[in-house]
Amino acid sequence: MTEPSTFRRILLKLSGEALMGAEGFGIDPEATARLAGEIKLARDAGHELCLVVGGGNIFRGLAAAAKGFDRASADYMGMLATIMNALALQNALEQLGVETRVQSAIPMASVSEPYIRRRAVRHMEKGRIVIFAAGTGNPFFTTDTAAALRAAEMGCDALFKGTSVDGIYDSDPKTNPAARRYDRISFDKVLNDHLKVMDSAAVALCRDNGIPIIVFNIREPGNLAEVLAGDGRATVVHPS
Ligand code: UDP
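Bear in mind that the values here come from a model prediction, so they are computed numbers and not experimental data.

Trainee: Just to check I follow, could you spell out the overall build of the chain for this structure?
Mentor: Per the secondary structure count, the chain includes eight helices and eleven strands. Taking 18 Å as the expected radius of gyration for a compact globule of 240 residues, we find that the chain reaches 17 Å, a close match to that expectation. Relative to its 240 residues, the chain shows a buried fraction of 51%. By sequence separation, contacts in the chain at least 24 residues apart represent 71% of the contacts at least 6 residues apart. As displayed, the chain offers around 10900 Å² of accessible surface, 52% of which is attributable to carbon and sulfur atoms. In the chain, 27 side chains carry a positive charge and 28 a negative one; their mean positions are 4 Å apart.

Have a look at this one:
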C-alpha cells in the first residue's frame, strides 16, 4: 500500500458544506478563501490536483424530493448548485495566483469548459487545478460517486475526502464519545459495516479501481498538506 507522501496526482472531494460559514447555508467568502489557501499549499508541495465539489450547502436533491419535488428535477438543481460552488472556489484560488479550469458535466459554455477527460489531464500536467462541477451529470448520483469516477478517469493515485472529522469511526464520534477511530481500514469492511464515509457506489468504484480513499478533517488549518506529506490524522481506506 502506497503511503500518502508518495501520492502524486490526487483528487480532492469537498462537500458543499466546506464552503459554508456561520450561517450554515450558502457560500461564505472567508471559508472559501481559507479552503483555497489549503489547496494552494498542496499544489505548491508538487501535487497534481483536481477537485470535485458538492452542492449540499445550497441544494440537495434527495432532501427536496422528500418534500415532494420530482427527484430527477431536484437532482439537476443540486448539480447546478455545485457549479456555483466550483466558480466560487475557482475565484478564490485565482485570487491566490493559482491557475484553474472549471469543467462541468452539464455543458455551460459561458461559465466553464465542458468535461473532456483528455483536456482535464492536460490541464493538470500543466500545473492547473481542474475543478469538476455538476457531479456526474446524471440524476440519482452523488458528488461522492462523481469524485470516485473522475479519480479513476484521471488516473489519480488517491481520493482525498475532506470532512469535518479526522477520519472514519466505528460509530458517530459526534454522538458517541467512545467511538473508535481507524487509522487504516479495508474497502470491504467499510462496505460490510455500512460505515458512513461515502456512498457505497463511490466506495465500490474506488475499490474496483484500486484507488485508496483518505478521509481527513479539512477544517483544521494546514491539515491537507500535512496528510499529503504522510503526517497528520486521517483514515486510509485500502484494498484488503
Ligand atoms: N447530484 C446529482 N448527480 C451527481 C452529483 C450530484 O444528481 O452526479 C445532485 C444531488 O441532488 C445532490 C446534489 O447534486 O444532492 C448535491 O451534491 P451532494 O449532495 O453530493 O453534495 P455534498 O453533500 O458533497 O455537498
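Now, onward.
Trainee: Looking at this model, I keep getting lost on the site of the ligand. Mind explaining?
Mentor: Neighbouring residues of the ligand: 19 residues in total, closest Arg60, Asp75, Thr136, Asn138 and Thr143. In the model, an oxygen atom of the ligand is placed 2.5 Å from a nitrogen or oxygen of the Asp75 side chain. Note that a nitrogen atom of the ligand is positioned 2.6 Å from one of the backbone N or O atoms of Asn138. Against a free-state accessible area of 520 Å², the protein chains account for coverage of 92% of the ligand. Of all the cavities here, the one that holds the ligand is the largest pocket. Considering each element in turn, the shell around the ligand owes the most residues, three residues, to helix H3 (residues 71-95). Of the residues belonging to the shell around the ligand, the class tally is four nonpolar, twelve polar and three charged.

Trainee: Please explain the sheet that holds strand E5 (residues 129-133) as it appears in this structure.
Mentor: By way of backbone hydrogen bonds, the strands of a sheet pair with one another, either parallel or antiparallel. If you trace the nine strands from one edge of the open sheet to the other, you get E4-E3-E5-E2-E1-E6-E10-E11-E9, paired in mixed fashion. Looking along the sheet, the strands with just one partner apiece sit at the ends: strand E4 (113-114) and strand E9 (184-186). One ladder, built from four bridges, connects strand E10 (residues 213-217) with strand E11 (residues 234-238); its direction is antiparallel. Each residue of the ladder has a partner; that of Ile214, found in E11, is Val236.

Trainee: Mind showing me how you'd approach the environment of Asn217 here?
Mentor: Mapped onto the fold, Asn217 is located in strand E10. Sequence separation between Asn217 and Ala81 is 136 residues; the distance between their C-alpha atoms is 23 Å. Among all residues touching Asn217, those that are not within four sequence positions of it are Thr163, Ser164, Val165, Asp166 and Asn223.

Trainee: What exactly am I supposed to notice about the layout of surface pockets here?
Mentor: Computed from the structure, the largest pocket encloses a volume of approximately 1200 Å³. Taken together, 48 residues form the lining of the largest pocket, with Ser15, Arg60, Asp144, Lys161 and Val197 sitting closest to its centre. Listing elements by their share of the lining of the largest pocket, those giving two or more residues are helix H2 (61-66), H3, helix H5 (143-153), strand E6 (158-163) and strand E7 (168-169). Considering every element that reaches the lining of the largest pocket, the biggest residue donor is H3, with five residues.

Trainee: Would you take a moment to explain the pattern of salt bridges for this structure?
Mentor: Opposite charge on two side chains permits pairing when their charged atoms draw close. Inspection of the entire model under this criterion finds 20 salt bridges. We note a salt bridge from Glu99 to Arg128, for which the minimum N-O separation is 3.0 Å. Taken as a pair, Glu99 in the loop between H3 and strand E3 (100-104) and Arg128 in the loop between helix H4 (117-125) and E5 lie far apart in primary sequence, 29 residues in all. Taking relative accessible area as the criterion, Glu99 reaches 39% and is therefore assigned partly exposed. Exposure remark for Arg128: the relative accessible area of 14% places this residue in the buried category. A salt bridge links Asp193 to Lys189; the shortest N-O distance between them is 2.5 Å. Classification of Asp193 as partly exposed rests on a relative accessible area of 36%. Connected via shared salt-bridge partners are Glu99, Arg101, Glu113, Arg119 and Arg128.

Rules used in this analysis
- Residues numbered from 1 in each chain as written.
- Predicted model: local features only at pLDDT ≥ 70, side-chain atom pairs only at ≥ 80, totals over all residues.
- Heavy atoms only, no water.
- Helix = DSSP H or I, 4+ residues; strand = E, 2+ residues; numbered from the N terminus.
- Rg over C-alpha atoms; globule rule 2.2 N^0.38 Å.
- Buried < 20%, exposed > 50% of the residue type's maximum accessible area, 1.4 Å probe, protein only.
- Contact = heavy atoms within 4.5 Å.
- Areas by Shrake-Rupley, 256 points an atom, 1.4 Å probe, with all protein chains shown as cover.
- Lys, Arg positive; Asp, Glu negative; His and termini not counted.
- Charge placed at Lys NZ, Arg CZ, Asp CG, Glu CD.
- Near = heavy atom within 4 Å.
- Polar contact = N/O pair within 3.5 Å; in protein donor to acceptor, adjacent residues only side chain to side chain.
- 1 Å grid on protein atoms, 1.4 Å probe; cavity = no way out; pocket = protein on both sides within 12 Å on 5 of 7 lines; lining within 4 Å.
- Sits in = over half its atoms within 2 Å of the grid points.
- Nonpolar A, V, L, I, M, F, W, Y, C, P; charged D, E, K, R; others polar.
- Pairing = 2+ DSSP bridges.
- Points joined across faces, edges and corners; volume = space filled by probe spheres on them.
- Salt bridge = Lys/Arg side-chain N within 4 Å of Asp/Glu carboxyl O.

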